[in-house]
Amino acid sequence: MLFLFVVVTACLGFLVKGEVVSAAESYDFAISSESQLSLLKLKETQVNNLQSYKKVLKKHLQKIRRAIKQSEELLKSTKTSTRNLIYGYKVLRHLHNDWPQYFRLLKKDLGLEQIAASQELLTQQPTSVDFEESMGAMHRLQTVYNLDSYAMTEGFIDDKDRNIKNWSADECLMLGLMYLFLKDYNQSENWLELALYHYDDNLSPEVLKIKLWNYPNLLESLVEANKGLGRYMEAKKYANELLSINPNHTYMLTQLPKLKHLQSNPIKLTKPKKVFQLQKEICSKRYRRKSGVLVCRYVDWTPYLKLAPLKMEELSMKPHISIFYGFLGQKDIEVLKNISRPKLQRVEHISGNCSCKIGNLSSSSHDVVRKVNELILDITGFPSKGNQMLEVINYGIAGNYNPEDTAKPKIHNKANAFIFLENAGKGGEIVFPSHHLKVRPRKGSMLVWENLKNSVIYHQCPILKGNMWVANKVLN
């Protein structure tokens, strides 16, 4: 069976209609930057364990080298002392006493402690679900923001910013296989060509020995991608190269005549299914700010605001959408994040449309939560006996949260208050498409909108750069 189909079946069977299907087990590494911190700690622990294992092997190798040196010196002396029978005692003693010790060196189990630790660490590794969700996130980011494949491998997420180390052939190959599975042959071919480039330039023979894939596997994938694009001559080139390496490659022997036939009798090519199109449209669109009756002013209509007026900017009158700048200070923001961390959970009923984890906080859980809830109710004018819960949301790769997309809420929301607890470096904007409004995250500010007829639909653009936290409060 073809390598690429084995990998696709094992790793890429998660994509259905462009969304990630939730599965049984995950450590949520892809959907929460907070969970990724434990992943970095895990990597550090693994590296330290390997270093410890290296020391054990090095110490053992030193003993082996001493044994070799002693034996070679004795052998050299024996050749020059063949007539000295007394010297035979030294040889006899060496063979009788030392060689059993050398044999024990050869039999010794090395690094048992490190091997046991490594076995335990395997249980904390990213699961197939984590890997699948990270692949789906990369698919979303590249599609929504039309990211260039080469620029991504070089660490550039826009024209001037570089934030990561260059990718290897492994990352490029997996994305190439993902797009091959999705029948997006153009993107697949781009990524596979990049995998070929990094394979030729950066992989040493020592590294190749521990890879789960090899050069012929990459050629197989390139044949399929070019065949999907109708580039039959290019596909034949890769097929012939593969057969020059492995003349008995069964699948490629059957493909070569098919490629020749297709070159003479080309078929109508299928276009890849479009996904994330709504998000791509609303996130790439530039919205012109309305002018006229909208104002920006300091407000002091409550006792609290009289003591500490807030700058409010009206973004829309119908429905009413406003943003309050400087609503929360750094100290209160850190408290909210800290107390929510142990409560962060995947929300299954929206997991297909949410790359995030949510922690629900009640007013009784902490004074800061109570204070924030009271401030929101005070500023918005909603009853003090209303909802006392506050959602704190942490995002992961391509983090986005679109609660109004999947289904209408069971509880009618009269309004929402959305507090930005971080500045997103790129992405993360709140968009109201039907009202031609896009709001960029600004740390400490609170976005409030009315939803009296339950008709205000909002979307959030995927996080492209930065660690994003928000707090959301439903007002009813």
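Residues numbered from 1 in each chain as written. Predicted model: local features only at pLDDT ≥ 70, side-chain atom pairs only at ≥ 80, totals over all residues. Heavy atoms only, no water.

- An unreviewed UniProt entry lists the chain under the name Prolyl 4-hydroxylase subunit alpha-1, with Drosophila mauritiana as the source organism.
- In the Cofactor (unreviewed entry) part of its UniProt record, the chain is described as follows: "L-ascorbate". (UniProt positions renumbered as here; feature names shortened; annotations may be inferred.)

### With respect to the state of the cysteines
- Per the counting criterion, the structure on display carries one disulfide.
- What pairs with Cys283 in a disulfide is Cys461, and their sulfur atoms sit 2.2 Å apart. The sign of the -110° torsion about the S-S bond sets the Cys283-Cys461 disulfide as left-handed. In this pair, Cys283 sits in helix 13 (residues 277-284) while Cys461 sits in the loop between strand 13 (459-460) and strand 14 (463-465), placing the two residues 178 residues apart along the sequence.
- You can call Cys283 buried: its relative accessible area is 8%. (Disulfide = S-S within 2.5 Å. Helix = DSSP H or I, 4+ residues; strand = E, 2+ residues; numbered from the N terminus. Buried < 20%, exposed > 50% of the residue type's maximum accessible area, 1.4 Å probe, protein only.)

### Details of the nonpolar core
- Of all hydrophobic cores here, the largest spans 42 residues; its most connected members are Leu173, Leu175, Trp191, Leu218 and Val223.
- Looking at which element gives the most residues to this core, the answer is helix 7 (residues 169-181), with nine residues.
- The residues contacting Val223, other than those within four sequence positions of it, are Ala235, Tyr238, Ala239, Met252 and Leu259.
- Ile333, Leu375, Leu377 and Leu390 belong to the second largest nonpolar core, which has 31 residues in total. (Core = buried A, V, L, I, M, F, W, Y, C linked by side-chain atoms within 4.5 Å. Contact = heavy atoms within 4.5 Å.)

### Description of helix 3 (residues 87-107)
- Its 21 residues give helix 3 an end-to-end C-alpha distance of 30 Å, which sits within 8% of 30 Å, the value for a rise of 1.5 Å per residue.
- At Asp98, helix 3 shows its strongest bend, of approximately 35°, with the proline Pro100 following within four residues. (Expected span 1.5 Å × (residues − 1). Bend = angle between axes of the 7 residues up to and from the residue.)

### Remarks on the sheet that holds strand 13
- A sheet is described by the order of its strands in space; here three strands give the open sequence 11-10-13, paired in antiparallel fashion. Only two strands of the sheet have a single partner each, and these edge strands are strand 11 (437-439) and strand 13.
- In the sheet, strand 10 (residues 430-432) pairs with strand 11 via three bridges, with the strands oriented antiparallel. Paired with Val431 across the two strands is Lys438, which belongs to strand 11. (Pairing = 2+ DSSP bridges.)

### What to know about the packing of aromatic side chains
- Counted under the stated rule, the structure contains twelve aromatic pairs.
- Between Phe418 and Tyr458 the ring centres are 6.1 Å apart and the planes differ by 65°, which places this aromatic pair in the edge-to-face class. Taken as a pair, Phe418 in strand 8 (residues 415-420) and Tyr458 in the loop between strand 12 (446-450) and strand 13 lie far apart in primary sequence, 40 residues in all.
- Cluster of aromatic residues (ring-pair linked, three or more members): Phe418, Phe420, Phe432, Trp449 and Tyr458.
- Looking at Lys237, its charged tip hangs above the ring of Tyr238, at a distance of 4.7 Å from the centre. (Phe/Tyr/Trp six-rings, centres within 6.5 Å; stacked < 30°, edge-to-face > 60°. Lys NZ or Arg CZ within 6 Å of the ring centre and 35° of its normal.)

### Details of unusual backbone geometry
- In the segment running from Lys318 into Pro319, the intervening peptide bond is cis, with an omega of -5°.
- Mapping Pro319 onto the fold places it in the loop between strand 4 (310-316) and strand 5 (321-325).
- Phi at Asn146 is positive, roughly 55°, even though this residue is not glycine.
- By the secondary structure assignment, Asn146 is in the loop between helix 5 (128-145) and helix 6 (149-153).

### A word on the pattern of salt bridges
- One pass over the full model with this rule turns up 14 salt bridges.
- Note that Arg297 and Glu314 form a salt bridge whose closest N and O atoms lie 3.5 Å from each other. Here Arg297, found in strand 3 (residues 296-299), pairs with Glu314, found in strand 4; they are 17 residues apart in sequence, far enough to count as distant.
- Shared partners join several salt bridges into a network, and the residues in it are Asp28, Glu133, Arg346 and Lys357. (Salt bridge = Lys/Arg side-chain N within 4 Å of Asp/Glu carboxyl O.)

### Remarks on the environment of Ala308
- Inspection of the secondary structure puts Ala308 in the loop between helix 14 (303-307) and strand 4.
- The exposure class assigned to Ala308 is partly exposed, which follows from its relative accessible area of 31%.
- Each C-alpha atom, one on Ala308 and one on Tyr298, is 9.7 Å from the other, the two residues being ten residues apart in sequence.

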